[in-house]
Amino acid sequence: MKLICGASNQDLPGIADLCALYACAGVHCVDVAADAAVVRAARSGLAWARDHGAPPVWLMVSISDGSDAHFRKAQFDPKLCPSDCPRPCARVCPADAIPAAPQCLEAGCGGVEASRCYGCGRCLPACPLGLIQASEHRQRLEDLVPLLRALHPDAVEVHTAPGRGKTFSDAVQALVNAQVPLQRLAVSCGLEGHGLTAPDLARELWQRFGVVRRHGLRPLWQLDGRPMSGDVGRGTARAAIQLWQHIRPLAPPGPLQLAGGTNASTLDLLLDSSSAQTFRPAGVAFGGQARALVQPWLQAALERGQHLVDWPEGWAQALSKAKTLVNPWLQTRYGRSPC
């Protein structure tokens, strides 16, 4: 089980509290941006969890071998917004990164709080005037070697896409050059937006398998069903399971992990599927749903001017909520008992 904090999420207090919460809830891995400040925040949360009885948790960082929606941030100039705009962008933002207009004007802030934005893109079509744009926010391949040596993660995830075999190979070579021992190399890819069939995606994964195995790395295939949509509804969970069902008989060796749209409905849908009677995915990754569940307490802690871990009542409530997502998986054969 993995917590996805967001490949471009730089909300440091929120990341520290998220990592502490879900480590105590029982996840095995947390996935964060390949950013020194973000990694420090994640490690501080994981250290707090260990000090309070949680088992060790892998720290994974996400990189990309090319342009990717996970590595973008929204931006706009609020001075261009009409004074009577109902701010639909703020309503659809799951990260609370776009404040209401009066608050924004009083604070003198920009349109989007960049540290919180993790690139879901829901605000882009919501703006009636089309004022919101997205900018890329990812590490360059030439910067990876010194960065990874500094971060020293337990695992790395490479977001890739069809047709990027050469840049994927370059990214893996950079990982090897960094000489950082990795527990796993996760490879994240899906069908959405690429016009591919399952056999097309399987061929892409087999090509990546050749690169990964050539360097002696252990792959984990993260199947991105419907990216950054787990807090939307039951249909996104179904999309993630269907991708696994289509890819499973065609995939290269290595564990298959559900991601992209996973939420509280995923396990029930999975156990009800005919495929799960014989085969099951090796794991699951939660992003938007995991963050949305505990966002009210993260926001309340911020307004109190403290970390959630330093607010006993709020911490207990948030941890109880996080366990509603994690415990059902831990009570199957997918994981260990929560701390």
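Look above for the structure.
Residues numbered from 1 in each chain as written. Predicted model: local features only at pLDDT ≥ 70, side-chain atom pairs only at ≥ 80, totals over all residues. Heavy atoms only, no water.

Enquirer: I tried to follow the environment of Ser-8 on my own but got confused; where do I start?
Expert: Mapped onto the secondary structure, Ser-8 falls in the loop between strand S1 (2-6) and helix H1 (12-25). Ser-8 sits 22 residues away from Val-30 along the chain, and the two C-alpha atoms are 14 Å apart. Polar side-chain contacts of Ser-8 include one of 3.4 Å to the backbone oxygen of His-70. (Helix = DSSP H or I, 4+ residues; strand = E, 2+ residues; numbered from the N terminus. Polar contact = N/O pair within 3.5 Å; in protein donor to acceptor, adjacent residues only side chain to side chain.)

Enquirer: Can you help me understand the nonpolar core in this one?
Expert: As a rule of thumb, nonpolar side chains are buried together in soluble globular proteins. Core analysis: the biggest nonpolar cluster contains 84 residues, and Tyr-22, Val-32, Val-294 and Leu-308 have the highest contact counts within it. Grouped together as the second largest cluster of nonpolar side chains are 15 residues, Phe-76, Cys-93, Ala-97 and Ile-98 included. (Core = buried A, V, L, I, M, F, W, Y, C linked by side-chain atoms within 4.5 Å. Buried < 20%, exposed > 50% of the residue type's maximum accessible area, 1.4 Å probe, protein only.)

Enquirer: It is not clear to me how the pairing of strand S2 (residues 29-33) should be interpreted in this structure. Could you clarify?
Expert: Regular strands place their side chains on alternate faces of the sheet. Counting buried residues in S2 gives five out of five residues, a clear majority hidden from the surface. Across four bridges, the pairing between S1 and S2 is parallel. Within S2, the position partnered with Leu-3 by the bridge is Val-30. Note that the unit made of S1, H1 and S2 has a crossover that is right-handed. Looking at chain direction, S2 and strand S3 (residues 58-64) are connected through five bridges and run parallel. By the bridge assignment, Ala-33 is partnered in S3 with Ser-62. Since S2 and S3 lie parallel, the crossover through helix H2 (residues 36-51) that links them has a hand, and here it is right-handed. (Pairing = 2+ DSSP bridges. Right-handed = clockwise from strand over helix to strand, strands pointing away.)

Enquirer: Quick question: what am I supposed to make of the pattern of salt bridges here?
Expert: Two side chains that carry opposite charge are able to pair once their charged atoms sit near each other. Per the counting criterion, the structure on display carries twelve salt bridges. Put simply, Glu-157 and Lys-2 hold a salt bridge, and the shortest N to O gap is 2.5 Å. Taken as a pair, Glu-157 in strand S6 (residues 155-159) and Lys-2 in strand S1 lie far apart in primary sequence, 155 residues in all. Both residues of the pair, Glu-157 and Lys-2, belong to the buried class. Residues Arg-203 and Asp-200 are paired through a salt bridge, measuring 2.4 Å at the closest nitrogen-oxygen approach. (Salt bridge = Lys/Arg side-chain N within 4 Å of Asp/Glu carboxyl O.)

Enquirer: Even after reading the chapter, I still don't get the packing of helix H6 (residues 144-151) against helix H7 (residues 165-178), so can you show me in this structure?
Expert: The relative placement of two packed helices is expressed as an angle between their axes plus a distance between the axes. H7 packs onto H6 with a crossing angle of 50° between their chain directions and a minimal axis gap of 8 Å. Considering their axes alone, H6 and H7 lie oblique with respect to each other. Every pair of crossing elements has a handedness; the one defined by H6 and H7 is right-handed. Mapping the contact onto sequence places Leu-144, Val-145, Leu-148 and Arg-149 in H6 and Ala-174, Leu-175, Asn-177 and Ala-178 in H7. The residue makeup of the contact of H6 with H7, split by class, is six nonpolar, one polar and one charged. (Axes fitted to C-alpha atoms, helices over the stretch in contact; angles between N-to-C directions. Parallel < 35°, antiparallel > 145°, perpendicular 65-115°, else oblique. Left-handed = near helix turned anticlockwise from the far one by under 90°. Contact = heavy atoms within 4.5 Å. Nonpolar A, V, L, I, M, F, W, Y, C, P; charged D, E, K, R; others polar.)

Enquirer: Please explain the sheet that holds strand S9 (residues 256-259) as it appears in this structure.
Expert: Strands in a sheet are paired, the pairing made by backbone hydrogen bonds, and the direction either parallel or antiparallel. If you trace the eight strands once around the closed barrel, you get S1-S2-S3-S6-S7-S8-S9-S10, paired in parallel fashion. Between one strand axis and the next, the sheet turns through 25° on average, direction left out of account. Where strand S8 (residues 219-224) lies against S9, four bridges are found, and the strand directions are parallel. Counted as the bridge partner of Trp-221 is Leu-256 from S9. Contacts between H2 and the sheet are confined to S2 and S3, with S2 contributing the most and set at about 155° to the helix. Together, strand S7 (184-189) and S8 form the strand contacts of helix H8 (residues 198-214), whose direction differs from that of S8 by roughly 155°.

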